[in-house]
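Read off the chains here:
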Amino acid sequence: MARLGLGEAWRCTFANEWSEKKAATYLRRFGADELHIRDVAELEPSELPGIPTLVWASFPCQDLSLAGNGAGLSGDRSGTFKPFWKLMLEIIRQGRQPRIIVLENVVGTLTSHNGKDFAAIVDALQSSGYRVGALVMDAVKFLPQSRPRLFIVAVQAGPRLPSCLILTKASGPWHTKSLRTAVEKFPVEMRKAWVWWNVPTPSHPTVTFSDVIEDEPVGVTWHTKAETEHILSLMSPLHRKKIQKAQLLKRRIVGTVYRRTRPDENGTRTQRAEIRFDQIAGCLRTPVGGSSRQTIVVVEGSRIRSRLLSPREAARLMGVPE
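Cut-offs used in this document
- Residues numbered from 1 in each chain as written.
- Predicted model: local features only at pLDDT ≥ 70, side-chain atom pairs only at ≥ 80, totals over all residues.
- Heavy atoms only, no water.
- Core = buried A, V, L, I, M, F, W, Y, C linked by side-chain atoms within 4.5 Å.
- Buried < 20%, exposed > 50% of the residue type's maximum accessible area, 1.4 Å probe, protein only.
- Helix = DSSP H or I, 4+ residues; strand = E, 2+ residues; numbered from the N terminus.
- Contact = heavy atoms within 4.5 Å.
- Phe/Tyr/Trp six-rings, centres within 6.5 Å; stacked < 30°, edge-to-face > 60°.
- pLDDT = per-residue confidence, 0-100.
- Pairing = 2+ DSSP bridges.
- Axes fitted to C-alpha atoms, helices over the stretch in contact; angles between N-to-C directions.
- Salt bridge = Lys/Arg side-chain N within 4 Å of Asp/Glu carboxyl O.

Participant: So what exactly am I meant to see when it comes to the nonpolar core here?
Facilitator: What tends to happen in soluble globular proteins is that the nonpolar side chains get buried as a cluster. Counting 36 residues, the largest nonpolar core has F84, I101, L103, F118, L125 and W194 as the members making the most contacts within it. Of all the elements in the fold, those that place two or more residues in this core are β3 (54–58), α3 (81–93), β4 (100–105), α4 (116–127), β5 (130–138), β6 (148–156) and α5 (177–184). Of the residues forming this core, the biggest block, seven residues, is contributed by α3. For F84, the residues in contact, after removing those within four places along its chain, are V40, V55, A57, I101 and L103. L232, L234, I243 and V297 belong to the second largest nonpolar core, which has 12 residues in total.

See the structure below:
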């Protein structure tokens, strides 16, 4: 999806992915010429061709996520930053320094180990000759999905950067309070070298969640009446009241449901279904990590239907072209 977002003006000369499922999707869309399917720790610098204009890396989020185990950069999964950076240091030593490096991860990166992991990443980039800044960008500015992510953008130091790309201080939606707080913890020299990137915000309206939902989806089926009633039974009175208000409108209303574990009135943790009708999907997550898949509920007066989100609907929420 990072390659799709860059568009046709960029030529990809190297891609790496260890997951066979993700690799299969990439192969179907782009072919196999530049794709290397194995752990980043197994790659050799000689396999990376030429002098790249841009290196884009998204390392696994589980150890840095607020919902993860908090292992930080020492974790087995987010620790993949280390072999990745080893590759970068070697091609820099060879005189093949990338012009731009972008690292994408969850916002929890900013607070992992009280900000020390984030500071370590920025220090590694600055020490290797880069001007570094970051942006916290939420997909909801572009698509009907709440999905904040951190983008660390490093540009090779050297020629003066265009003034239109730099702000004198943090501003706008991309420089959140959590990002500003993390930067304030940096040592003085790191703060002096920090860049507040100037990125415009979208001006066009986004589609609504209802716009991406299909009446006849492929890959999933509508739940039985009993399955829908079970989901409703998991709702607290507050969320059942949301359903009742939607029914009173007597028109098609689409909501999204997540199943979460919440404490009940006795303090016992129990499964709850929580619904939202704000036309924004909750952050899509992989069930592989233990998260529940997102459920759709369609209310049309007295009729209530439910099912899982379809693959095509999920792709639309991630900005993938039809």
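Participant: What exactly am I supposed to notice about the packing of aromatic side chains here?
Facilitator: We describe a pair of aromatic rings using the distance from one ring centre to the other and the angle between the two ring planes. Counted according to the given criterion, the structure contains nine aromatic pairs. Ring geometry for F81 and F84: centres 6.3 Å apart, planes at 45 degrees, overall tilted. A residue pair is termed a helical-turn pair when its members lie 3 or 4 positions apart in one helix, as F81 and F84 do in helix α3 at three residues. Judged by relative accessible area, which is 6%, F81 ranks as buried.

Participant: Sorry, what's going on with the confidence of the model for the protein here?
Facilitator: Low-pLDDT stretches of the model should not have their predicted coordinates read in fine detail. Per-residue confidence for the protein gives a mean pLDDT of 90; residues scoring 70 or more make up 92%. No element of the protein has a lower mean pLDDT than strand β9 (residues 252–263), at 88, and none a higher one than strand β8 (residues 196–197), at 98.

Participant: In this structure, what is going on with the sheet that holds β4? I would like to understand it.
Facilitator: Backbone-to-backbone hydrogen bonds join strands into a sheet, with any given pair of strands oriented parallel or antiparallel. Spatially, β3-β4-β6-β5 is the arrangement adopted by the four strands of the open sheet, whose pairing is mixed. Pairing within the sheet leaves two strands with one partner each, and these edge strands are β3 and β5. The average angle at which neighbouring strand axes cross in this sheet is 15 degrees, direction not considered. Where β5 lies against β6, nine bridges are found, and the strand directions are antiparallel. Within β6, the position partnered with L135 by the bridge is F151. Across the sheet, α4 touches β4, β5 and β6, and the angle it forms with β5 is around 140 degrees.

Participant: Help me understand the sheet that holds strand β12 (residues 303–308), please; the structure alone is not making it clear to me.
Facilitator: An order of β10-β9-β11-β12 is seen for the four strands of this open sheet, with the pairing classed as antiparallel. Taken across any chain shown, the strands that pair with only one partner, and hence form the sheet edges, are β10 (269–276) and β12. If you compare each strand with its neighbour and ignore which way they point, the axes differ by 30 degrees on average. As judged from the eight bridges shared by β9 and β10, these two strands associate in the antiparallel manner. Each residue of the ladder has a partner; that of Y258, found in β10, is E274. Here helix α8 (residues 225–233) sits on the sheet in contact with β9, β10, β11 (295–300) and β12, set at roughly 90 degrees to β12.

Participant: How should the environment of P205 be read in this particular structure?
Facilitator: The topology assignment puts P205 in the loop between β8 and α7 (209–212). Considered as a pair, P205 and H223 are 18 residues apart in the sequence and their alpha carbons are 32 Å apart.

Participant: Which parts of the structure should I look at to understand the pattern of salt bridges?
Facilitator: It is possible for side chains bearing opposite charge to pair when their charged atoms get close. The full count for this structure, using the stated rule, is 15 salt bridges. Its salt-bridge partner being R3, residue E34 comes within 2.9 Å of it at the nearest N-O pair. Taken together, the positions of E34 in the loop between α2 (20–30) and β2 (35–36) and R3 in helix α1 (residues 2–6) put the pair 31 residues apart, joining distant regions of the chain. Relative accessible area serves as the criterion here: at 9%, E34 is assigned to the buried category. In this structure, R316 and E214 form a salt bridge, with 3.3 Å as the shortest nitrogen-oxygen distance. With R316 in helix α10 (residues 311–317) and E214 in the loop between α7 and α8, this pair connects stretches of sequence that are 102 residues apart. A single network of salt bridges, built from pairs that share partners, joins E214, R312, R316 and E322.

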